[in-house]
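Understanding the architecture of this molecule
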Amino acid sequence: MFKEGLLKGKRILVTGGGTGLGKEMATHYASLGADIVICGRRLNVLEETADEIKSNHDVDVLAQSLDIRSPQDVDDFIDQIFATKPLDGLVNNAAGNFISPTKMLSPRGFDAIANIVFHGTFYVTHSVGRRWIEAGLKGNIISILATWVWTGSPYVVPSAMSKSAINAMTKSLAVEWGPYNIRVNAIAPGPFPTEGAWARLSPKGDLDNDSSYSAIPLGRVGEMSELQNLASFLMADGCDYLTGQTIAIDGAQYITGGGTFSGLSKLKDSDWEEIKSMIKSTNEKDKANRNT
Ligand code: HXC
C-alpha cells in the first residue's frame with residue numbers, strides 16, 4: 001500500500017510497544033524504514049520485540065522499561081531520547097483496562113486505569129511536545145483511543161472517561177500546537193483482538209461469539225494490517241493538513257447502534273419484499289378510504 005522507505009529517517013516512539021497493537025504498529029513503521037523506540041513495563045518483552053524487529057528490518061531500535069505513570073521517569077526517558085536523536089513521531093498506545101461493573105470498582109481500581117491512560121498519556125505527550133516546541137521541530141502525535149470516546153461504554157467506565165479526555169486533548173493540542181507544526185490525531189479502533197486486551201475485556205470469550213460481531217456491518221473484527229496502514233498513513237508526510245481528528249476504524253460498528261433502523265441490516269431480500277407488499281397494501285387501503 002505504501003512506497004518503500006516511506007518513513008525513512010524518522011524516529012518514532014510507541015508507548016506500550018512491546019506487545020499487542022503497539023508492537024504491530026512499531027513493526028510496520030520499521031518495515032517502512034523508521035527508527036523505533038519502544039517502552040513499557042516489562043523489559044524482557046520489549047527486548048524480545050526489539051530483537052524481532054531488528055532481525056527483520058535494517059533500522060535502529062531502542063527498547064527501554066518505563067512506567068508512564070511516573071512523570072519524572074517519563075521526562076528523564078524523553079530527555080535521554082532527544083539527547084541522542086529527536087523524535088519525529090509519538091504513538092500514545094500504552095493503556096490499561098478491564099471489564100467490571102462500575103458499582104464493584106474501588107477508587108484504586110479506577111486509578112489503576114486513569115493513572116495510565118489519562119495521566120500517563122498526558123505526561124508523555126507533554127514531555128515530547130515541549131521539546132519539539134523548544135527545538136522548533138515538526139512533530140506528529142497519534143493516540144490510540146476507542147470508539148467509546150463518542151458513545152461512552154458500560155463496564156469500562158474508567159477507560160471510557162480517560163480515553164474521552166485524550167480525545168479532548170487531541171483536539172485541544174491540534175489547535176494550540178498547530179502553529180508549531182505539530183499534528184495531533186487519534187485512532188479509535190473497534191475490535192482488533194490481541195492477547196493482552198482480550199484477556200481483560202473478554203476473559204470468557206463473550207466478545208467473540210457471533211451475536212457480538214454480527215452487529216458489525218462488515219461482519220468481522222479488524223485485521224491488524226488495516227490498523228497498521230492507518231497508523232502509517234497518519235504518521236507519513238503527505239497528509240500534513242490532517243490534524244485534530246479521531247478516526248474510527250471499526251467496520252462501522254459504533255454508528256450501527258446510532259440509527260433507529262440500523263438493526264434492519266439483518267433482513268433478507270425476501271423480508272424486504274414482504275415489507276414492501278405490506279406497505280403497499282396499507283397505502284392502497286388508505287387510497288380506497290379516501291375515495292369512499
Ligand atoms: C475490579 C479490579 C480488577 C477487576 C484490578 N482491579 N482488576 N477491580 N475488577 N478485574 C482493582 C484491584 O482490586 C485494585 O484495587 C486496583 O484495581 C489495582 O489492582 P492491581 O492488580 O494492583 O492493578 P495493576 O497492577 O495496576 O494492574 C491493573 C492494570 C493491568 C493496570 C489494568 O491489568 C495492566 O497492567 N494492564 C495493561 C494491559 C491492558 O490492560 N491491556 C488492555 C488494554 S485494552 P483495590 O482497591 O482492590 O486495591 C484498551 C482498550 C481496547 O485499553 C479497546 C478495544 C475495543
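Here, the structure is the one placed above.
Residues numbered from 1 in each chain as written. Predicted model: local features only at pLDDT ≥ 70, side-chain atom pairs only at ≥ 80, totals over all residues. Heavy atoms only, no water.

As enumerated under the stated definition, the model contains one aromatic pair in all. With 4.7 Å between their ring centres and 20° between their planes, Trp150 and Tyr254 make a pair best called stacked. Of this pair, Trp150 sits in helix H5 (residues 148-151) while Tyr254 sits in helix H10 (residues 253-256), and the two are 104 residues apart along the sequence. (Phe/Tyr/Trp six-rings, centres within 6.5 Å; stacked < 30°, edge-to-face > 60°. Helix = DSSP H or I, 4+ residues; strand = E, 2+ residues; numbered from the N terminus.)

Throughout the structure, instances matching the rule amount to eleven salt bridges. In this structure, the salt-bridge partner of Arg69 is Asp67, at a minimum N-O distance of 2.9 Å. Exposure remark for Arg69: the relative accessible area of 34% places this residue in the partly exposed category. For Lys138, the salt bridge goes to Asp237, with nearest N and O atoms at 3.4 Å. With Lys138 in the loop between helix H4 (107-135) and strand S5 (139-144) and Asp237 in the loop between helix H9 (224-235) and strand S7 (246-249), the pair connects residues that are 99 residues apart, well separated along the chain. Since its relative accessible area comes to 44%, Asp237 is described here as partly exposed. Taken together, the shared-partner salt bridges in this structure form one network comprising Lys10, Lys138, Arg183, Asp237 and Asp240. (Salt bridge = Lys/Arg side-chain N within 4 Å of Asp/Glu carboxyl O. Buried < 20%, exposed > 50% of the residue type's maximum accessible area, 1.4 Å probe, protein only.)

What follows concerns empty space enclosed by the protein. Evaluated as defined, the whole model comprises one cavity of 30 Å³ or more. Estimates place the volume of the largest cavity at around 50 Å³. (1 Å grid on protein atoms, 1.4 Å probe; cavity = no way out; pocket = protein on both sides within 12 Å on 5 of 7 lines; lining within 4 Å. Points joined across faces, edges and corners; volume = space filled by probe spheres on them.)

Further remarks concern the sheet that holds strand S4 (residues 89-92). Spatially, S3-S2-S1-S4-S5-S6-S7 is the arrangement adopted by the seven strands of the open sheet, whose pairing is parallel. The sheet is open, and its two borders are formed by strand S3 (61-65) and S7, each paired with just one other strand. Across the sheet, the axes of successive neighbouring strands diverge by a mean angle of 15°, strand direction being ignored. Pairing geometry for strand S1 (residues 11-15) and S4, over three bridges, is parallel. Residue Val14 lies in a different strand from S4, and its bridge partner there is Val91. (Pairing = 2+ DSSP bridges. Axes fitted to C-alpha atoms, helices over the stretch in contact; angles between N-to-C directions.)

For Asn181, which is not glycine, the phi dihedral falls at a positive 70°. Positionally, Asn181 belongs in the loop between helix H6 (157-176) and strand S6 (182-189). Classification of Asn181 as partly exposed rests on a relative accessible area of 49%. Here Ala252, not a glycine, exhibits a phi torsion of approximately 70°, which is positive.

This part is about the packing of helix H1 (residues 20-31) against helix H2 (residues 43-56). Axes are the key here: two packed helices are described by the angle between their axes and the distance separating the axes. At a minimum axis distance of 10 Å, the contact between H1 and H2 shows a crossing angle of 25°. Compared by their axis directions, H1 and H2 come out roughly parallel. Considering how the two elements wind past one another, H1 and H2 form a crossing that is right-handed. Note on element contacts: H2 touches H1 through Thr49, Glu52 and Ile53, opposite Lys23, Ala26, Thr27 and Ala30. The class makeup of the residues in the contact of H1 with H2 is three nonpolar, two polar and two charged. (Parallel < 35°, antiparallel > 145°, perpendicular 65-115°, else oblique. Left-handed = near helix turned anticlockwise from the far one by under 90°. Contact = heavy atoms within 4.5 Å. Nonpolar A, V, L, I, M, F, W, Y, C, P; charged D, E, K, R; others polar.)

Lining the immediate environment of the ligand, one finds 19 residues, of which Arg41, Asn97, Ser106, Arg108 and Arg200 sit closest. One of the side-chain N or O atoms of Arg41 is found 2.6 Å from an oxygen atom in the ligand. Coverage of the ligand by the protein chains reaches 62% of its 1,100 Å² of free accessible surface. At the level of elements, H4 and helix H7 (195-201) are the ones that each hand at least two residues to the shell around the ligand. In terms of residues, the shell around the ligand owes the most to one element, H4, which gives five residues. Of the residues that constitute the shell around the ligand, the class distribution is eight nonpolar, six polar and five charged. (Near = heavy atom within 4 Å. Polar contact = N/O pair within 3.5 Å; in protein donor to acceptor, adjacent residues only side chain to side chain. Areas by Shrake-Rupley, 256 points an atom, 1.4 Å probe, with all protein chains shown as cover.)

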